[in-house]
Amino acid sequence: MASTTMPMEHAHSEEAHLREQHLMLDPRPRGEMNAMIMEAMHYTTWKFWVVAAILGAIVLVGLFGSWGYMIAEGLGVAGVNRPVFWGIFLVNTVFWIGISHAGTFISAILRVFKSEFRRPFTRAAELMTTFGLVQAGFSIFMHMGRVWLSYWLFPYPNQRQLWPNFHSPLSWDLLAITTYLLASTMYLFLPLIPDLAMARDRTAGGWRKNFYKVLALGFRGTEGEWTHLRNAMNIFAFAIIPVMFSVHTIVSWDFAVATRPGWNSTIFGPYFVIGALHSGMGAVIMVLAVVRATMKNMKYFIRPEHFDAIGKLMLIISMGWAYFFFNDYMVQWYGGDKWTEALLHWHEAGPMGWMWFLMLIVNVAIPWLVLWNKRWRSNPWIVFVVGLLINVGMYLERYIIIPISLTINRMPFTWRMYEPGIEIPLSIGTLAFFILLYMIASKLIPLVPVWEVQEGQMAHSMKKFGRETVVTVSELE
Amino acid sequence: MKPIDLNEMGAIGAIAQEAEGKWGMVIDQDLCTGCQACVAACSMENNIAFVGEEDASYGRSLQWIRIERFWEGEYPEVKMTPFQPMLCQHCHNAPCEPVCPVFAAVHSPAEDLNLQVYNRCVGTRYCANNCPYQVRVFNWRDYERPEPLNNQFNPDVTVRRRGIMEKCTFCLQRIHRAEDLAKAEGREVRDGEFTTACAQACPADAIIFGRLDDPESRVNQLSKPDRGYQMLEELGTVPRITYFKEG
């Protein structure tokens, strides 16, 4: 008898194993899943409020307080000088735009390619885009000498008939970042509508009810509404990919079109795009690890398979980054321009040379050593550390490109080191603001696109062919 | 002007021909003693703020002209090389101009000079990064004028506030005064009729300012010898200042 039950048990355990592994094969009733998401939004411990209060204080003092002081006193309170006219503010700008990249990348590219593992975390990634761009905007305005006149950068009709200079990469930047912010916000909002409607229908009353009522735009779930929504999401998913590539390419042109040694590199466009994806992927995985550990019911939605899948992407992107880095370095070095030579020597052997080596270790060596192993990259905390290190490395990369490269120029008499001043509290302030916005959002909107998860689960099923359990998928979209 | 035929002369030739220029300067490094009188005169003429010891040592002094000094060899066998006065080269193809998003760094077609429109500047500092000569200076703060310097402002020059980029203008106010006078008398501005503050103050006569479009001008007469060179001319910026060394 034992011999007949064995295969049955085996088949059962295989099914259970698959179910445990894959969210798409582990369906729960819709009502239950919706309740889980609502509970994750509402369930708040005292720890949340303590962290939120600390972050809020940092934002008030570090970001708005320091910035106000800097506006009143002038940029002298920061560390910028001649020749390092651009300092940490622009490092932060490039860094935050980079972070914002991965959100759209994961969401749009994986949606276009219909990768099923994307379903539970597209929203978490898209939120990163919007909040990252907010910090990039703060950083770029902090950087300006007379920020109260920043509206002059916009092409608005005025009596003097003055127009911005569209030859300037900064004008391109402004248009690119504004386009990206608007497009990514709409792209965040579209798939949010059915979830907001779900939240509206499951909220009894109070301001939350009104909040969801307004934002859900009266979505009822009719066939016509779904068709419109799908069409709009399709258009945005395809359209936002070139926008995303253009944004970081244009950011790189700020540097690449300048006459400076080390900056004037034709490969900066793709190099910056891949660098942005590198740091952004690291940030997504950090966010997911934290969300999974701190929010209720998230262990059901975000599973080791997702860390595994993003870990693979991180490994590939790390290889891509290494390739572009090598290519950029090689061509600059081979060019033999004496100022570029001095600059490359300064990067590696100057007083901040440790940054250059640390960048290569945390951006290339550590991901390559860790992420090839499926067990390691399925562990949220191991990939959290790898993601954190990659972000440190990418920050260092931008730090090397901007303030460290600026210390060297064609006029050796002006060479001077850069020491950050008020940039430090301001940087911490933007980071705290990013986390705070994310925390607030996690309590206001469903962090998991629950309708997308349900849709995916409906499409997947397990069938038995003889003794083998096979996962089958029906085309839905 | 003759139409430019790129097939005939190539891009560099085209730049050189187009770049005839109006105002220019020659600086004789063999005559320069490094006395910094030009630096002082420029500060007085152009209402340049004094930033104090601390900011100056951190690379924030606002001098529009600086005397660069270099040496060869290791201590104690050190040999001084000629002083190098450095100021805005008023490039014909200025890298600072296209990068300004608000047209604060602009080219004057009439004078063929680089101008900085102070009240249009929003302080992105892109121009200063892109200047290969590093001659642009930024008002990092609102600087106080200590007594009695607050009584010696030049009424013809704007006082700049914090957050604004500034740089040498070739004493544009003096150019305009001379042009106004010449126009009133119905003639062209004569070479040597006026000069910039730095050239005026130079005791060794190492800085000479004048008209580039007048073949008889002192600047053009001096420019003839082979010992002249232009700073970083390989960048194709077409500077308006010619340096002499080791004649």
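In this report, we go over the structure that sits alongside the text. As the structure is a prediction and not an experimental result, all values here were calculated from the model.

## Focus on the interface of chain B and chain A
Residue-level contacts link 49 residues of chain B with 52 residues of chain A. Each partner contributes to the roughly 4100 Å² buried at the junction of chain B and chain A, and carbon and sulfur atoms together form 54% of this total. It is Y58(B), Y126(B) and N129(B) that lose the most area in chain B upon contact with chain A, and together they represent 17% of the buried surface on that side. Our enumeration of links across chain B and chain A arrives at zero salt bridges. Here chain B and chain A share 29 residue pairs in polar contact (both at pLDDT 80 or more) between them. Elements with a minimum of two residues in the side of chain B that touches chain A: β2 (66–68), α4 (126–130) and β8 (137–138) of chain B. The element that contributes the greatest number of residues to the side of chain B that touches chain A is α4(B), accounting for four residues. Of the residues in the side of chain B that touches chain A, the class split is 27 nonpolar, 10 polar and 12 charged.

## Description of helix α9 (residues 223–256) of chain A
Here α9(A) spans 49 Å end to end across 34 residues, near enough to the 50 Å set by a 1.5 Å rise per residue. Along α9(A), the largest kink reaches about 25° and is centred on I240(A); proline P242(A) follows within four residues of it.

## Quick notes on the packing of helix α14 (residues 353–370) of chain A against helix α16 (residues 380–406) of chain A
All names here are of chain A. The geometry of α14 relative to α16 is characterised by a closest axis approach of 8 Å and an angle of 150° between their N-to-C directions. As summarised for this structure, α14 and α16 are arranged roughly antiparallel, according to the angle between their axes. For α14 against α16, the interelement crossing comes out left-handed. Residue-level contacts link M355, W356, L358, M359, V362, N363, I366, P367 and V370 of α14 to I382, V386, L389, I390, G393, M394, L396, E397, Y399, I400 and I404 of α16. In terms of residue class, the contact of α14 with α16 is built from 17 nonpolar, two polar and one charged.

## Notes on the packing of aromatic side chains
Any pair of aromatic rings gets described here by the distance separating the centres and the angle formed by the planes. By the definition in use, this model includes 46 aromatic pairs over all chains. Arranged with centres 5.8 Å apart and planes meeting at 75°, the rings of W67(A) and F138(A) form a pair that is edge-to-face. Residue W67(A) is found in helix α3 (residues 46–73), and its partner F138(A) is found in helix α5 (residues 122–143); the two are separated by 71 residues along the sequence. By the burial criterion, W67(A) is buried, and F138(A) matches it. Considering the side-chain rings of F138(B) and W140(B), the 4.8 Å spacing of their centres and the 65° angle between planes classify their relative orientation as edge-to-face. Feature note: the residues W86(A), F255(A), W263(A), F268(A), Y271(A), F272(A), W321(A), F325(A), Y329(A), W356(A), F357(A) and Y126(B) constitute an aromatic cluster, connected by ring pairs. Taking NZ or CZ as reference, R260(A) lies 6.0 Å from the ring centre of W263(A), over its face. In this arrangement the basic side chain of R125(B) is found over the ring face of F138(B), its NZ or CZ atom lying 5.2 Å from the centre.

## Focus: the nonpolar core
Counting residues in hydrophobic clusters, the biggest one holds 212 residues, and the most contacted among them are M70(A), F301(A) and F170(B). Not counting chain neighbours up to four residues away, the residues in contact with M70(A) comprise L75(A), V77(A), A78(A), F89(A), M142(A), I422(A) and L426(A).

## So, the pattern of salt bridges
According to the stated counting rule, one finds 31 salt bridges over all chains in the structure shown. Of the charged contacts in the structure, one is a salt bridge between R60(B) and D55(B), with a shortest N-O distance of 3.5 Å. You can call R60(B) buried: its relative accessible area is 3%. For D55(B), a relative accessible area of 7% puts it in the buried group. Bridged by salt links that share partners, the residues R111(A), R118(A), E126(A) and E452(A) form one connected network.

Cut-offs and rules
- Residue positions are counted from 1 within each chain, in the order its sequence is given.
- The naming scheme follows written order: chains are lettered A onward, ligands numbered 1 onward.
- Per-residue local features of the predicted model are confined to residues with pLDDT of at least 70, and side-chain atom pairs are confined, for both listing and counting, to 80 or more; whole-chain, interface and lining totals are unaffected and use all residues.
- Here the side-chain values reflect all heavy atoms present in the structure, with hydrogen atoms and water set aside.
- Only heavy atoms enter the contact rule, under which two residues are in contact if any of them lie within 4.5 Å.
- Buried area: the sum, over both parts, of the accessible surface (1.4 Å probe) that disappears when the two are put together.
- Only one rule defines a salt bridge in this text: a Lys or Arg side-chain nitrogen within 4 Å of an Asp or Glu carboxyl oxygen.
- Here a polar contact is taken to be a pair of N or O atoms separated by no more than 3.5 Å, where protein atoms must pair a possible hydrogen donor with a possible acceptor and residues adjacent in sequence count only if both atoms sit in side chains.
- The helix and strand labels rest on DSSP assignments: H or I over at least four residues marks a helix, E over at least two residues marks a strand, and numbering proceeds from the N terminus.
- Three categories are distinguished: nonpolar for Ala, Val, Leu, Ile, Met, Phe, Trp, Tyr, Cys and Pro, charged for Asp, Glu, Lys and Arg, and polar for the others, with Gly belonging to the last.
- An expected span of 1.5 Å times one less than the residue number is assigned to each helix.
- Here the bend at a residue is taken as the angle between two axes, fitted respectively to the seven residues that end there and the seven that start there.
- Lines fitted to C-alpha atoms define the axes here, with helix axes fitted over just the stretch in contact, and angles between the N-to-C directions of these axes take values from 0 to 180 degrees.
- Each angle is binned into one of four classes, with values under 35 degrees roughly parallel, values over 145 roughly antiparallel, values of 65 to 115 roughly perpendicular, and all other values oblique.
- Left-handed describes a crossing in which the near helix is turned anticlockwise from the far one by less than a right angle; the clockwise case is right-handed.
- Pairing of aromatic side chains requires ring centres within 6.5 Å, counting the rings of Phe and Tyr and the six-membered ring of Trp. Pairs whose planes differ by under 30 degrees are stacked, by over 60 edge-to-face, and all others tilted.
- Accessible area is worked out with a 1.4 Å probe on protein chains only. A residue is then buried under 20% of its type maximum, exposed over 50%, and partly exposed in between.
- Look at NZ for Lys and CZ for Arg. If either is within 6 Å of the ring centre and within 35 degrees of the ring normal, a charge sits over the ring.
- For the purposes of this section, nonpolar cores are sets of buried Ala, Val, Leu, Ile, Met, Phe, Trp, Tyr and Cys residues that join through side-chain atoms within 4.5 Å.

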